Amino acid sequence: MFNLTKAFLFKVRKDAASKTALIFAVALAVFFWGLFLLIYSKSEPKICTGQTILALVSTPTQGYGLVLPAIIATMVVGEFSTGVIRNKVIAGNSKFKIFTSLFVLNAIYSIVLYGICMVVGLLLGTIVGGFNPNGIGVVGLMTFMMGTFAGELLGRLVIMGFFIIVMISAFATSLATIFRSVGPCIPIVIISVFLLTILSITMPYSKGGYYLDGLTKFNPAFAGCFVEREPFEGDWYMVMYSNLFISDERFNWSLISSSVYTVIFYVVGLIPFLKRDLK
Amino acid sequence: MNIVETTELSKIYSGKAAVNGVSMHIPEGSIYGFVGENGSGKTTIMRLLTGLATPSKGSFTLFGVKNNEMKIYAARKQISAIVEATSLVPSMTAIDNIIYQENYLGVKLKKEERMELLKIVHLDQTGKKKVKNFSLGMRQRLGIAMALMNKPKLMLLDEPLNGLDPQGIAELRDLLIEINKNEGITILISSHILSELEKIATTYGFISHGRLIEEVTVDELQNRCRKSTTINVEDVKKAEEVITKEGIKDYKAFPNGDIIVYDDIDIGEFISNLYKNKIKIHTVNSSDESVEEYYLNLVKGE
């Protein structure tokens, strides 16, 4: 396992795909920051702050979560197509070890990239508008001013983000291992993440759709979505408003569901990898 | 001692046997030439030995370790292989590919050792050139260098001469002979270029349609393939006296009446001499086969 980790780290340093991934992580943070700067440059109180940009890039399914699967899938498929996996087997590593190391290291790498994305966003936002100069809340831009530093919300967003990013990385790793080709793998994983986001936004809007309440527990992205149903039964009119906090229940369910999915993706990827011959 | 032994090894794909009950034996220190037509099962056997595929039936041992034992992973650490294609990361340089492989092999080479490896395969001047810009021959040679990295006890080389120019073939051939003799590395090599295989192999395995037809040592094969005249006589002892009188030195006599003469002789005169000495001759045969012809004759009936 140690040797496989060393090899992974060396590849991250030298391989073109991993360099591209790093560039994407920085570029995405710069993009969000630039977009906000452009739109809200003259707004008073300031909206483009460190806190706002951090919150924005911390929402994994809407930002880096859509880029990451393509990166991870490309890297994993590359291991197959260049014959590196084959070499690892010939070198006397068990398939179990190879898949597990690939899975774990991809997850760690995803966290690092996601972290870089957040740090760059935070720094750029803070340089321009300060971290939280006017007490503008993280999602103040959506509805109204929250007036306070949303530390707990930010903290929970980041933790949930890491869990979801690991889940997305797991999904991409497993699919890439099953398909061993970028072609079907990247569209499937990106569309799935996108659907996760769409579902998390639309779930609260269903008329009298309380049956969906249960389902929201199984959507890890839901907790990070700043939308809730207006609590007037039978009314189509829904109010979008910002949460000052993510409830314990939402937060816990997000962590549980993303962890369970991660384990499922691990098993789903591992079994065919162990059973199928390598080309 | 056999470094590799397979017992009734089979691999079935979609109901069709790619390898069918193969029992082969690779002696330690040998260069085992694997000869067979396209799709005969050579590559599949190498894939089974390296763990890239799992046997459908039968078993094999590597260094005495059976394929279903946990120790097989440790045994595989003593082998290196180039099966089907050389596995390289195209966006890295030759030296980076070597370091990358060092990492997952758990080997640590010094800078000079890496350069020495590249020097052996004449790639020491490639500098920062990425592998994606290498020719097929260069990639092949880099693959060989990487296969030598962990100082293996067994090398499995599937068509390593493909894509090499005549000079490259000669260099690789010399290199394989050298590492076999000096390092004691056992080599299993398949190639379509039988004339080249003839120059290096010490044991042959002839395979056709997934079945191993014959396994012979180079001496046995030479005896079968050498230019020779085989005469079957009634009285071998008497015939030997005549042969000695004739000054023929390189011959073999067998109790069944066969006498194989390897010296260049005038067959007509020789038969006439035997006849004069009242030795009854049953049959006379001349043969002059190359390994290729031998193989083709062998698989004719398959």
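Residues numbered from 1 in each chain as written. Chains lettered and ligands numbered in written order. Predicted model: local features only at pLDDT ≥ 70, side-chain atom pairs only at ≥ 80, totals over all residues.

**Regarding the overall build of chain A**
Part 1 of the reasoning: The secondary structure content of chain A amounts to 10 helices and zero strands.
Part 2 of the reasoning: Helices (α) and strands (β) of chain A occur, in sequence order from the N terminus, as α-α-α-α-α-α-α-α-α-α.
Part 3 of the reasoning: Counting only residues that meet the buried cut, chain A has 46% of its 279 residues in that class.
Part 4 of the reasoning: For chain A, the share of sequence-separated contacts (at least 6 apart) that also reach a separation of at least 24 residues comes to 81%. (Helix = DSSP H or I, 4+ residues; strand = E, 2+ residues; numbered from the N terminus. Buried ≥ 20, exposed ≤ 12 C-beta atoms within 10 Å, placed from the backbone. Contact = placed C-beta atoms within 7 Å.)

**Here's the deal with the nonpolar core**
Part 1 of the reasoning: In terms of nonpolar packing, the biggest core is built from 139 residues, with Ile53(A), Ala73(A), Cys117(A), Leu142(B) and Leu156(B) touching the most fellow members.
Part 2 of the reasoning: Here this core takes 15 residues from helix H7 (residues 151-179) of chain A, the largest share from any one element.
Part 3 of the reasoning: Counting residues in hydrophobic clusters, the runner-up holds eight residues, among them Ile243(B), Ile259(B), Phe270(B) and Leu274(B). (Core = buried A, V, L, I, M, F, W, Y, C linked by C-beta atoms within 7 Å.)

**Structural notes on the interface of chain B and chain A**
Part 1 of the reasoning: At the interface, 25 residues of chain B touch 23 residues of chain A.
Part 2 of the reasoning: Sort the elements by how many residues they give to the side of chain B that touches chain A and helix H3 (residues 94-105) of chain B lands first, with seven residues.
Part 3 of the reasoning: Of the residues belonging to the side of chain B that touches chain A, the class tally is 14 nonpolar, eight polar and three charged. (Nonpolar A, V, L, I, M, F, W, Y, C, P; charged D, E, K, R; others polar.)

**Thoughts on the domain arrangement of chain B**
Part 1 of the reasoning: Annotation of chain B at the domain level lists domain 1 (2-221) and domain 2 (227-288).
Part 2 of the reasoning: Between the C-alpha centres of domain 1 of chain B and domain 2 of chain B the distance comes to 43 Å. (Domains from an automatic or database assignment.)

**A short note on the sheet that holds strand S14 (residues 258-261) of chain B**
Residue and element names in this part refer to chain B.
Part 1 of the reasoning: One open sheet accounts for four strands, arranged S13-S14-S12-S15; its pairing is antiparallel. Edge positions in the sheet fall to strand S13 (251-253) and strand S15 (281-287), since each of these pairs with one other strand and no more. Neighbour to neighbour, the strand axes of the sheet diverge by 15° on average, direction disregarded.
Part 2 of the reasoning: Across six bridges, the pairing between strand S12 (residues 228-233) and S15 is antiparallel. Within the sheet, the bridge partner assigned to threonine 230 lies in S15 and is asparagine 285.
Part 3 of the reasoning: Across the face of the sheet, helix H10 (residues 267-276) comes into contact with S12 and S15 while running at roughly 160° to S15. (Pairing = 2+ DSSP bridges. Axes fitted to C-alpha atoms, helices over the stretch in contact; angles between N-to-C directions.)

**Topic: unusual backbone geometry**
Part 1 of the reasoning: For Arg180(A), which is not glycine, the phi torsion reads 55° and is therefore positive.
Part 2 of the reasoning: For Arg180(A), a count of 19 C-beta atoms within 10 Å puts it in the partly exposed group.
Part 3 of the reasoning: Located in the positive-phi region is His209(B), a residue other than glycine, with phi close to 50°.
Part 4 of the reasoning: Relative to the elements of secondary structure, His209(B) occurs in the loop between strand S10 (203-208) and strand S11 (211-217).
Part 5 of the reasoning: Overall, His209(B) belongs to the partly exposed group, with 16 C-beta atoms counted inside 10 Å.

**With respect to the pairing of strand S9 (residues 186-190) of chain B**
All names here are of chain B.
Part 1 of the reasoning: Counting buried positions along S9 yields five of five residues, so the element is predominantly enclosed.
Part 2 of the reasoning: Neither face of S9 is open: one carries Thr186, Leu188 and Ser190, the other Ile187 and Ile189, and all of them are buried.
Part 3 of the reasoning: When strand S4 (residues 31-36) meets S9, the two strands line up parallel, connected through four bridges. If you follow tyrosine 32 over to S9, its bridge partner there is leucine 188.
Part 4 of the reasoning: Direction of pairing for strand S8 (residues 154-158) relative to S9: parallel, over a ladder of five bridges. When the bridges of S9 are listed, aspartate 158 appears paired with serine 190.

**A short note on the sheet that holds S4(B)**
Adjacent strands of a sheet form backbone hydrogen bonds with each other and so pair up, either parallel or antiparallel.
Residues and elements named next belong to chain B.
Part 1 of the reasoning: Strand order in the open sheet formed by six strands is S7-S8-S9-S4-S10-S11, and the pairing between neighbours is mixed. Of all the strands in the sheet, just strand S7 (79-82) and S11 have a single pairing partner and so form its edges. Ignoring strand direction, the axes of neighbouring strands in this sheet form an average angle of 15°.

**Structural notes on the confidence of the model for chain A**
All names here are of chain A.
Part 1 of the reasoning: Counting all residues, the mean pLDDT for chain A is 77, and 76% of those residues have values of 70 or more.
Part 2 of the reasoning: Segment residues 135-147 is flagged for pLDDT under 50; beyond a separation of four residues in sequence, or across chains, it makes 35 contacts in the model.
Part 3 of the reasoning: Residue range residues 227-243 is modelled with pLDDT below 50. Its contacts to residues more than four positions away, or to other chains, number 27 contacts. (pLDDT = per-residue confidence, 0-100.)

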